[in-house]
Amino acid sequence: MGIKELMSHVDHTLLAQTATWEEIRQICDDAVAYQTASVCIPPSFVKQAKEYMGDKMAVCTVIGFPNGYMTTETKEFETRNALENGADEIDMVINIGWAKAGLYDEIEDEIRRLKAVCGDKILKVIIETCLLTEEEKIKMCQVVTASGADYIKTSTGFSKAGATFEDIALFAAHIGENVKIKAAGGISSLADAERFLALGADRLGTSRMVKLVKNEEASGY
């Protein structure tokens, strides 16, 4: 796979609590330069980033992040506010406690409500795979499919582990045709990125890809 095609699947990400505008601006510049799918940043920087980049790059942000246990009404407000500030894509975290309690109807209703706020904007659903059993992951594939969301996403990158090849293969086997897959967290090499895509991922949430590509370019890749 060529670098240009690979980068077109990357959500170039900076969600560190310590992130400054200077750092956000740099990843915006890199995202535009390498034509990534989007730049994924904290909600507080969305308006500034959108004003800075205009229509050059899609801005993605996170809702209910990273723990997911906010009320649905809070997530709705966060989502509406992010969209008003210029967000093009929303990555929401499910209420993981609800999944553990088997409250899948409540999770589906919450996703539906956020998708209603998003309208034609992309909604990705983070299920935090490292905290779920295989049975719970499969059930969440069914819930996300039924909810009308656009993507199921593995991880926040803030829990015990990130994306695994096994989880992407599991998603691919159990999601509906209307749902795409985003692998996120711990993607540390170009080879791994390509494998995630080969297994069925459409997006890769990572902070490392641009740096890896720059290193490859410097070595004559």
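Heads up: the structure comes first, above all this text.
The structure contained in this document is the topic of the report that follows. (Residues numbered from 1 in each chain as written. Predicted model: local features only at pLDDT ≥ 70, side-chain atom pairs only at ≥ 80, totals over all residues. Heavy atoms only, no water.)

## Overview of the packing of helix α8 (residues 165-174) against helix α9 (residues 190-199)
The condition is simple: Each axis is a line fitted through C-alpha atoms, taken for helices only over the stretch in contact, and angles between the N-to-C directions span 0 to 180 degrees. Elements are defined by DSSP. Helices are runs of H or I of four residues or more, strands are runs of E of two residues or more, and each kind is numbered from the N terminus. Angles below 35 degrees are treated as roughly parallel, those above 145 as roughly antiparallel, those between 65 and 115 as roughly perpendicular, and all remaining angles as oblique. Crossings are classed by handedness, with left-handed meaning an anticlockwise turn of the near helix from the far one by less than a right angle and right-handed meaning a clockwise turn. Pairs of residues are marked as contacts when any of their non-hydrogen atoms sit within 4.5 Å. Residues are grouped as follows: nonpolar covers Ala, Val, Leu, Ile, Met, Phe, Trp, Tyr, Cys and Pro; charged covers Asp, Glu, Lys and Arg; every other residue, Gly included, is treated as polar.
At a minimum axis separation of 9 Å, α8 and α9 run at an interaxial angle of 20°. Judged on the interaxial angle alone, α9 and α8 are roughly parallel. Relative to α9, α8 is oriented so that their crossing is right-handed. Judged by residue contacts, Phe165, Ile168 and Ala172 of α8 engage Asp192, Arg195, Phe196 and Leu199 from α9. Classifying every residue of the contact of α8 with α9 gives five nonpolar, no polar and two charged.

## With respect to the pattern of salt bridges
Short version of the rule: A side-chain nitrogen of Lys or Arg and a carboxyl oxygen of Asp or Glu constitute a salt bridge if their distance falls within 4 Å. We call a residue buried when its accessible area falls under 20% of the maximum for its residue type, exposed when it is over 50%, and partly exposed in between, using a 1.4 Å probe and counting protein chains only.
Per the counting criterion, the structure on display carries 20 salt bridges. Two residues, lysine 124 and aspartate 11, come together in a salt bridge whose shortest N-O distance is 3.3 Å. A residue pair is termed long-range when its members are at least 10 positions apart, and lysine 124 in strand β5 (residues 122-126) and aspartate 11 in strand β1 (residues 10-13) qualify at 113 residues. Taking the relative accessible area as the measure of exposure, aspartate 11 reaches 0% and is therefore buried. When the shortest N-O distance is used, the salt bridge between lysine 124 and glutamate 89 registers 2.6 Å. Placement of lysine 124 in strand β5 and of glutamate 89 in strand β4 (residues 89-93) is noted, with a sequence separation of 35 residues between them. Classification of glutamate 89 by relative accessible area gives buried; the value is 4%.

## Here we look at the side chain of threonine 36
Note the following rule: Each polar contact in these results corresponds to two N or O atoms within 3.5 Å; when the atoms are within protein, one needs to be able to donate a hydrogen and the other to accept it, and residues that are neighboring in sequence are counted only if both atoms are side-chain atoms.
Along the chain, threonine 36 falls in the loop between α2 (21-34) and β2 (38-41). For threonine 36, the side chain forms a polar contact with the main-chain oxygen of serine 38, separated by 3.0 Å.

## Overview of the environment of lysine 153
Turning to its location among the elements, lysine 153 is positioned in strand β6 (residues 151-153). Expressed as a C-alpha distance, the spacing of lysine 153 and alanine 163, which sit ten residues apart in the sequence, is 8.8 Å. Contacts of lysine 153, omitting those with residues within four sequence positions, involve Asp91, Val125, Ile126, Ile127, Glu128, Phe171, Lys182 and Ala184. Of the polar contacts made by the side chain of lysine 153, one reaches the side chain of aspartate 91; its length is 2.9 Å.

## With respect to the side chain of lysine 137
Checked against the element boundaries, lysine 137 lands in helix α7 (residues 134-147). For lysine 137, a relative accessible area of 12% puts it in the buried group. A polar contact of 2.8 Å, which involves the side chain of lysine 137, links it to the side chain of aspartate 167. If we ignore the near neighbours within four places in the chain, the residues touching lysine 137 are Ile127, Thr129, Leu132, Asp167 and Leu170.

## Section: unusual backbone geometry
A cis amide bond links phenylalanine 65 to the next residue, proline 66, at an omega of 0°. Relative to the assigned elements, proline 66 resides in the loop between β3 (59-63) and α4 (72-84). Even without a glycine there, the phi angle at glutamine 35 is positive, about 50°. Mapped onto the secondary structure, glutamine 35 falls in the loop between α2 and β2. Located in the positive-phi region is glutamate 128, a residue other than glycine, with phi close to 55°. Relative to the elements of secondary structure, glutamate 128 occurs in the loop between β5 and α7.

## So, α7
Selection criterion: Multiplying 1.5 Å by the residue count of a helix minus one yields the expected span of that helix.
Over its 14 residues, α7 extends 20 Å from the first C-alpha to the last, a length consistent with the 20 Å expected when each residue adds 1.5 Å. Within the span of α7, buried status applies to Glu136, Lys137, Ile138, Met140, Cys141, Val143, Val144 and Ser147. Close packing links the buried residues of α7 with α5 (96-100), α6 (104-118), β5, β6 and α8. Downstream of α7 by a residue or two, glycine 148 has a phi angle that is positive, lying close to 90°.

## Topic: the pairing of β4
Here is the rule: At least two bridges found by DSSP between two strands is the condition for calling them paired. Note on handedness: a crossover is taken as right-handed if, strands pointing away from the viewer, the path from the first strand over the helix to the second is clockwise.
Judged by how many residues are buried, β4 sits mostly within the fold: five of five residues are covered. Taking every second residue as pointing to the same face, both faces of β4 are buried, with Glu89, Asp91 and Val93 on one and Ile90 and Met92 on the other. Alignment of β3 against β4, held across four bridges, turns out to be parallel. In the sheet register, valine 62 faces β4, and the bridge partner there is aspartate 91. For the crossover that starts at β3, traverses α4 and ends in the parallel β4, the hand is right-handed. With five bridges connecting them, β4 and β5 associate as parallel partners. Its bridge partner being in β5, valine 93 is matched across the sheet by isoleucine 126.

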